[in-house]
Amino acid sequence: MRRKIILSFLTVFLLIIMGACFATMYAGNVTSMLSRLIQLHQIEGLRHRLIMSIQTVQSDLYTVHTTAGRKLDSIADNVALLEQAAEKCSSCHHTPEVTRQIEEVQSLIDDYQNSLSYYITASANFEHIDKLKFEAAGIGNTLLLKTEDMSVHASSKLNTLTTKVMSEVKRVSLIFISTMLFAVILSIFVAARLTKAITRPIDVLVNATRVVSTGDMDHLIDYTDRTEFGELASHFNAMITTLKNNYTKLEKEIRERKRTESELVKSESFLSNIFDSIRDPFCIIDKEFRVIRANEAYAEMKQVKLEDILDKICYESHHGQTSACEECIVERTFTTGASCTVERMDIAPDGSEKWNLIHTYPILDRTGALSHVIEYARDITERKKSEEALRESEERYALAARGSNDGLWDWDLRNDKIYFSYRWKSMLGYDEEEIGNSPDEWFNRIHPDDLSEVKAKIAAHINGVDQHYEGEFRILHQDGNYRWMLSRGLAVCDTSGSACRMAGSQTDITSRKTATEQLVYNAFHDNLTGLPNRALFMDRLQHVVDTQNRRSSPMLYAVLFLDMDRFKVVNDSMGHQIGDKLLVAMGQRLTECLRPGDTVARLGGDEFSILLENICLLEDAYDVADRIHQALSTPFMIDENEVYASVSVGIAPGPEGYERAEQVLRDADIAMYQAKKRHDSSTEIFDSTMHASILDRIMLESDLHAALVHNEFVLFYQPIIDLKTHALSGFEALVRWNHPSRGLVLPAEFIPVAEETGMIAGIGEWIILEACRELKSLQTRYPAQPPLKMNINISGRQFAHENLADMMANALQQTGVIPQSVALEITESMLLDNVELAIITMNRIREMGVEIHIDDFGTGYSSLSYLHRLPINALKVDRSFISKLTENGENQEIIRSVISLANSLNLDVIAEGVELNHQLEFINELECQFGQGYLFSKPMEAASLDEWIMTRIAKKG
């Protein structure tokens with residue numbers, strides 16, 4: 001068996017050797033044919049890659065300016081691959097016809113490459129670029145068609161060669177079968193394996209190639225092994241897949257190209273429509289500065305017709321010049337090749353300013369040279385106005401910001417860092433580098449009493465409770481003092497609604513706070529003395545009244561109302577500056593007389609008030625008043641002047657049923673008024689009778705207003721006798737008020753009220769006019785030589801009235817009375833208020849011829865120092881001196897001195913109040929010229945004068 005096996009194997013081997021020998025002859029030919037077949041497949045692959053490169057370049061060419069396009073560099077790279085593929089293909093051995101076709105393809109590739117090079121290196125002239133692109137695309141399409149045609153022919157030749165190879169293989173198989181007869185199984189097995197390993201893949205590949213050649217790009221080879229046929233099948237499938245994808249892309253790109261071409265046509269039409277519909281001025285100018293195209297808006301801007309500027313040189317038609325304008329941006333664009341922009345202001349026909357924003361854009365031709373310039377203008381008048389308004393607004397804002405002088409802060413809440421401006425730091429006396437960016441730099445300087453409130457307000461704003469942050473607080477300055485600051489801020493939220501930043505300002509309001517505190521202080525304190533004023537005093541008094549009314553066992557309190565005596569004399573004689581200093585000293589001295597808890601206030605003018613709380617007895621209040629009187633007995637030294645002052649004090653004790661502070665102060669004022677009526681430097685405690693007296697005075701004042709209207713005043717006349725001749729010299733007019741319910745009211749009751757209320761002016765004018773009328777009537781009825789005279793009393797307020805002389809002149813003119821027969825009586829106290837003004841008034845009256853008498857002489861302050869300066873005619877001795885004369889001659893010296901003084905000044909003397917014979921005898925002995933009194937007659941009404949005069953005449957007769 002072994003031998004047989006060996007022989008079999010030897011036989012098989014010999015047969016194989018023989019077959020090999022035979023096969024060797026054929027194998028060389030088959031091998032050559034197989035090598036040729038493999039080489040053809042490789043060439044076919046090169047053709048496929050050539051086609052793919054062409055397709056890739058074409059694809060890049062069509063999509064270079066689309067969203068799916070690749071850069072121009074990619075096109076250049078693919079062109080290089082195309083050239084390499086062509087060189088590889090041309091390096092193979094081909095028939096002359098094939099070689100010629102390959103050379104044509106290579107020539108087309110060179111043309112294609114050159115065209116693409118021009119396209120890639122072209123400038124931004126879109127029309128030239130599109131032309132180059134279309135030219136390159138045309139060459140590429142030709143090259144693609146040529147290459148595909150060669151690929152089809154190569155496939156056909158490959159099929160033929162494959163068939164021939166199969167035939168030769170079969171011959172080799174027959175040789176092996178015939179030579180390996182005894183090795184049939186092995187040969188069959190070998191043949192089967194060879195058939196399976198070689199024939200089937202080739203058939204599959206050939207069939208697949210046929211299917212693909214029919215255009216079915218979805219057909220793939222379902223064959224896998226580890227031989228070259230398996231690799232060939234895998235490459236074939238990859239090639240088919242690539243072809244399919246590239247074919248799909250190519251179809252897509254072709255469709256896209258067609259769509260792009262369509263869109264380009266539409267775009268050109270659309271751009272033309274856009275140009276025609278542009279409302280802003282727009283034109284195209286060539287290198288000769290000729291307007292090629294323009295719209296109506298451009299002609300309107302140039303204030304010409306459109307046909308007048310088209311195809312015209314712009315600087316000739318627009319400006320009438322022979323060359324381009326200075327700083328012409330069209331010329332600048334032609335020169336530089338760059339876009340230019342300028343703002344220009346023109347004057348409209350109505351004289352208004354019109355601003356235009358003018359742009360110029362270069363247009364390049366196919367060669368990349370600048371051929372035209374587009375000029376585009378836009379009306380920016382409103383924008384200019386807005387910019388000017390914005391600039392003014394910004395200037396106002398900057399000025400306001402500088403004027404506000406505020407410090408700024410910006411808090412990054414996420415990083416917990418704060419930016420403090422330089423002004424913020426300088427407000428606290430620090431330099432830029434002395435304060436960091438930590439929130440503690442702020443909060444650690446805030447006054448401890450204010451810190452919690454500041455943090456609470458900031459948190460409320462950050463958490464959205466308050467719309468903004470605003471707070472006032474004290475912050476520590478570098479000098480160690482606290483300054484008042486007003487801080488405002490606003491938070492900024494992120495997308496989640498959480499505050500991420502907060503910025504604001506800080507204003508130094510220390511001065512405002514100080515001023516506010518000063519205003520509050522001034523509102524409740526007297527500016528001159530620094531004492532509490534009426535408002536503060538009434539507030540404290542109301543608090544005491546309310547407190548005591550709530551108690552079951554109220555404590556006693558008292559209000560003292562003080563009014564300085566004759567303060568006006570000090571003010572007028574020594575000046576208001578001395579008067580003010582006296583008020584300040586008075587306030588200090590009153591404060592020294594009180595307990596620490598008591599309140600002294602200046603109510604106004606020369607009035608002060610004192611609140612004594614929690615006193616045990618009413619006598620305690622009286623003791624305070626006595627202590628004040630005693631303290632004021634010491635004179636004040638003011639500017640080296642010794643000034644005496646006294647006060648009249650009214651005391652209102654509480655609680656006595658008071659509910660309002662005004663009631664207590666009112667009663668204290670009433671008591672003070674009663675004290676002042678008694679004498680200076682006195683004290684009165686309020687009681688209910690005083691209130692009744694005041695009410696009576698108020699009623700009297702009310703009735704007094706109607707008395708003049710209702711003619712309730714009457715004049716009584718008291719004769720004045722010439723003591724030498726015992727003849728009637730004249731009368732003194734004495735006013736009386738015939739009250740409807742009170743009866744006849746004497747002047748002492750209502751004249752002071754009339755002076756206080758200002759009604760004395762009307763009453764005095766009526767008295768003067770009525771007395772002059774009666775005098776004229778008496779002079780007419782009883783002519784005498786010298787004529788009868790009339791003495792008229794003038795009150796202090798009436799004498800101080802600036803139109804007294806005019807009033808007197810008017811009465812004389814109306815009644816026709818001789819001025820020398822009228823005498824005005826004034827008291828010496830009237831002169832002390834303002835001596836110089838009194839002398840001026842008296843001179844005006846004396847210039848009319850009216851006499852002036854000093855009434856009640858000797859009862860007031862001494863006027864001897866200026867008596868010789870006064871333009872007066874007579875002195876009247878007051879009735880108080882006459883009434884004190886006794887029968888034994890006591891109290892004569894004063895009257896003697898007055899008469900002696902009058903004689904030395906060449907003045908007449910009238911003694912009033914002569915009621916007894918010994919009084920008459922005494923004044924006669926002193927050579928007093930005139931007398932008046934009940935001894936001669938009491939005052940009479942006008943109706944009784946005739947009877948009295950006739951009776952006197954009858955007695956003489």
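Looking at an unreviewed UniProt entry, one finds the chain named EAL domain-containing protein and attributed to Pelotalea chapellei.

## Some words on the pattern of salt bridges
Taken as a whole and assessed by the stated rule, the structure comprises 34 salt bridges. A salt bridge links Asp565 to Lys676; the nearest nitrogen and oxygen atoms lie 2.8 Å apart. In this pair, Asp565 sits in the loop between strand 11 (556-564) and helix 16 (567-574) while Lys676 sits in helix 19 (residues 661-678), placing the two residues 111 residues apart along the sequence. Given a relative accessible area of 29%, Lys676 falls into the partly exposed group. The partner of Lys789 in a salt bridge is Glu851, with the nearest N and O atoms 3.2 Å apart. Pair noted here: Lys789 is in strand 21 (residues 789-793) and Glu851 is in strand 23 (residues 851-857), with a separation of 62 residues, a long-range link. A relative accessible area of 26% means that Lys789 is categorised as partly exposed. Look at the salt bridges and you will find they share partners, linking Glu343, Arg383, Lys384 and Glu387 into a network.

## Describing the confidence of the model for the chain
Across the chain, the average pLDDT comes to 82, with 85% of residues at or above 70. Below pLDDT 50 for its whole length, residues 67-72 participates in 11 contacts with residues either more than four positions away or in separate chains.

## Quick look at the sheet that holds strand 12 (residues 599-604)
On the basis of which strands lie adjacent, the open sheet formed by five strands has the order 12-13-11-16-17 and mixed pairing. Edge positions in the open sheet fall to strand 12 and strand 17 (683-685), since each of these has one partner strand only. Strand-to-strand twist across the sheet, computed as the mean angle between neighbouring axes with direction ignored, equals 20°. Sheet analysis places strand 16 (residues 647-654) next to strand 17, joined by three bridges and oriented parallel. Bridge pairing in strand 17 places Ile651 opposite Ile685. Where helix 18 (residues 618-632) meets the sheet, its contacts fall on strand 11, strand 13 (607-615), strand 16 and strand 17, and the angle it forms with strand 16 comes to roughly 165°.

## Some details on helix 29 (residues 893-904)
Given a rise of 1.5 Å per residue, 12 residues ought to cover 16 Å, and the 16 Å separating the end C-alpha atoms of helix 29 matches this to within 8%. Taken together, the buried positions of helix 29 are occupied by Ile895, Val898, Ile899 and Ala902. When helix 29 is viewed along its axis, its buried side chains cluster within an angular range of 95° and face the same direction. Seen from the buried face of helix 29, the exposed residues on the opposite side, beyond 90 degrees, are Glu893 and Ser904. Those residues of helix 29 hidden inside the fold are in contact with strand 23, strand 24 (874-877), helix 28 (879-883), strand 25 (908-912) and helix 30 (917-925). Asn906 occupies a position one or two residues after helix 29 and carries a positive phi of about 60°.

## Considering the side chain of Ser505
Relative to the helices and strands, Ser505 resides in strand 10 (residues 499-508). The buried category is assigned to Ser505, whose relative accessible area is 15%. Those residues in contact with Ser505, other than ones at most four positions away along the chain, are Asp406, Gly407, Leu408, Trp409, Leu486, Ser487 and Arg488.

## Overview of helix 9 (residues 329-336)
Those residues of helix 9 not exposed but buried are Ile329, Val330, Thr333 and Phe334. Looking straight down helix 9, one finds its buried side chains confined to an arc of 145°; they lie on one side. Away from the buried face of helix 9 by more than 90 degrees, exposed residues Thr335 and Thr336 are located. Just downstream of helix 9, Gly337 is the residue with a positive phi angle, here 75°.

## Quick look at a negative patch on the surface
There is a patch of like negative charges on the surface, built from Glu296, Glu300, Glu307 and Asp308. Residue placement: Glu300 occurs in helix 7 (residues 296-301). Judged by relative accessible area, Glu300 falls into the exposed class, the value being 62%.

## Structural notes on the environment of Lys287
With respect to the secondary-structure elements, Lys287 resides in the loop between strand 1 (282-286) and strand 2 (291-294). Judged by relative accessible area, Lys287 falls into the exposed class, the value being 53%. Setting aside residues up to four positions removed in sequence, Lys287 forms contacts with Phe334, Leu370 and Ser371.

## Focus on the packing of aromatic side chains
Here the structure, examined in full by the defined rule, presents 14 aromatic pairs. Ring geometry for Trp442 versus Phe473: centroids 6.4 Å apart, planes at 50°, classification tilted. Placement of Trp442 in helix 12 (residues 440-443) and of Phe473 in strand 8 (residues 469-476) is noted, with a sequence separation of 31 residues between them. As far as burial versus exposure is concerned, Trp442 and Phe473 are alike and both buried. Judged by centre distance (5.6 Å) and plane angle (45°), the rings of Phe713 and Phe750 are tilted.

## Focus: the sheet that holds strand 3 (residues 340-347)
Picture the strands of a sheet paired through backbone hydrogen bonds; they go either parallel or antiparallel. Spatial strand order, 2-1-5-4-3: five strands in an open sheet with antiparallel pairing. The open sheet has two edge strands, strand 2 and strand 3, and neither has a second partner. Ignoring strand direction, the axes of neighbouring strands in this sheet form an average angle of 25°. Judged from the five bridges that link them, strand 1 and strand 5 (residues 370-379) form a sheet pairing that is antiparallel. Residue pairing for strand 5: Phe282 is matched across the bridge by Tyr376.

Definitions and cut-offs
- Residues numbered from 1 in each chain as written.
- Predicted model: local features only at pLDDT ≥ 70, side-chain atom pairs only at ≥ 80, totals over all residues.
- Heavy atoms only, no water.
- Salt bridge = Lys/Arg side-chain N within 4 Å of Asp/Glu carboxyl O.
- Helix = DSSP H or I, 4+ residues; strand = E, 2+ residues; numbered from the N terminus.
- Buried < 20%, exposed > 50% of the residue type's maximum accessible area, 1.4 Å probe, protein only.
- pLDDT = per-residue confidence, 0-100.
- Contact = heavy atoms within 4.5 Å.
- Pairing = 2+ DSSP bridges.
- Axes fitted to C-alpha atoms, helices over the stretch in contact; angles between N-to-C directions.
- Expected span 1.5 Å × (residues − 1).
- Arc of directions from axis to C-beta.
- Patch = residues over 30% accessible without salt bridge, like charges linked within 9 Å, V, L, I, M, F, W, Y side chains within 5 Å.
- Areas by Shrake-Rupley, 256 points an atom, 1.4 Å probe, with all protein chains shown as cover.
- Lys, Arg positive; Asp, Glu negative; His and termini not counted.
- Charge placed at Lys NZ, Arg CZ, Asp CG, Glu CD.
- Phe/Tyr/Trp six-rings, centres within 6.5 Å; stacked < 30°, edge-to-face > 60°.

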